[in-house]
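Chain by chain, the residues:
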Amino acid sequence: MLGVGGDPALNELQIGAAAGALTFAIFGVHGIVSIVLEGRQLFVGTIRPRLTNPLSAAIAALSVLLFILAGLTGLAIVSGQPTTVVGTAAGAGCLDLGLLLLLYKEAFVGHEAHLEPRQDGIPW
């Protein structure tokens, strides 16, 4: 099968490697954002949510971008665009949604984990 521009399409191993690399990149971006917002030292307990003006602007901008990307994906599907165009628009929307959820978590949820010892007799 031929891919975009007549080049050979990727095989399953290459697609898996690209997905793995993208997964590690997303984890890396999440770690960097967490370090920038929370600092390197983690404290036991909860931290109240931190919604700042730049964070609010980023959430609003990514929300608008997600709406635009959803419209472009729908338009590409309806107009019969090639699979690469539909996939690119949908993939960009998924990455935008992931970043939007990351910023939402940092702004509103804070720390959802409570690091308290359990005294229920279960060894794990």
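Just so we're clear, the structure is a prediction, and the values are computed from it rather than from any experiment.

Draft legend 1. Local environment of the layout of surface pockets. A volume near 210 Å³ is recorded for the largest pocket. Lining the largest pocket are Leu22, Ala25, Ile26, Val29, His30, Cys94, Leu95, Asp96, Gly98, Leu99 and Leu102. Taken together, the elements giving at least two residues each to the lining of the largest pocket come down to helix 1 (12-38) and helix 3 (83-109). Of the residues forming the lining of the largest pocket, the biggest block, six residues, is contributed by helix 3. Residue classes in the lining of the largest pocket are distributed as eight nonpolar, two polar and one charged.

Draft legend 2. Representation of the packing of helix 1 against helix 3 in the model. With their axes 11 Å apart at the nearest point, helix 1 and helix 3 run at an angle of 25° to one another. Here helix 1 is positioned roughly parallel relative to helix 3, judged by the angle of their axes. Our pair here, helix 1 against helix 3, has a crossing hand that is right-handed. Between helix 1 and helix 3, the residues in contact are Leu22, Ile26, His30, Val33, Ser34, Leu37 and Glu38 and Leu95, Leu102, Lys105 and Glu106, respectively.

Draft legend 3. The packing of helix 2 (residues 53-78) against helix 3, seen in detail. The geometry of helix 2 relative to helix 3 is characterised by a closest axis approach of 9 Å and an angle of 160° between their N-to-C directions. Judged by the inter-axis angle, helix 2 sits roughly antiparallel to helix 3. In terms of crossing hand, the pair formed by helix 2 and helix 3 is left-handed.

Draft legend 4. Region of interest: helix 2. Here helix 2 contains 26 residues, and its C-alpha end-to-end distance of 38 Å stays within 8% of the 38 Å for a straight helix at 1.5 Å per residue. Buried within helix 2 we find Leu55, Ile59, Leu62, Leu69, Thr73 and Ala76. Structurally, helix 2 contributes buried residues whose contacts are with helix 3. Downstream of helix 2 by one or two residues, Gly80 has phi in the positive range, about 75°.

Parameters at a glance
- Residues numbered from 1 in each chain as written.
- Predicted model: local features only at pLDDT ≥ 70, side-chain atom pairs only at ≥ 80, totals over all residues.
- Heavy atoms only, no water.
- 1 Å grid on protein atoms, 1.4 Å probe; cavity = no way out; pocket = protein on both sides within 12 Å on 5 of 7 lines; lining within 4 Å.
- Points joined across faces, edges and corners; volume = space filled by probe spheres on them.
- Helix = DSSP H or I, 4+ residues; strand = E, 2+ residues; numbered from the N terminus.
- Nonpolar A, V, L, I, M, F, W, Y, C, P; charged D, E, K, R; others polar.
- Axes fitted to C-alpha atoms, helices over the stretch in contact; angles between N-to-C directions.
- Parallel < 35°, antiparallel > 145°, perpendicular 65-115°, else oblique.
- Left-handed = near helix turned anticlockwise from the far one by under 90°.
- Contact = heavy atoms within 4.5 Å.
- Expected span 1.5 Å × (residues − 1).
- Buried < 20%, exposed > 50% of the residue type's maximum accessible area, 1.4 Å probe, protein only.

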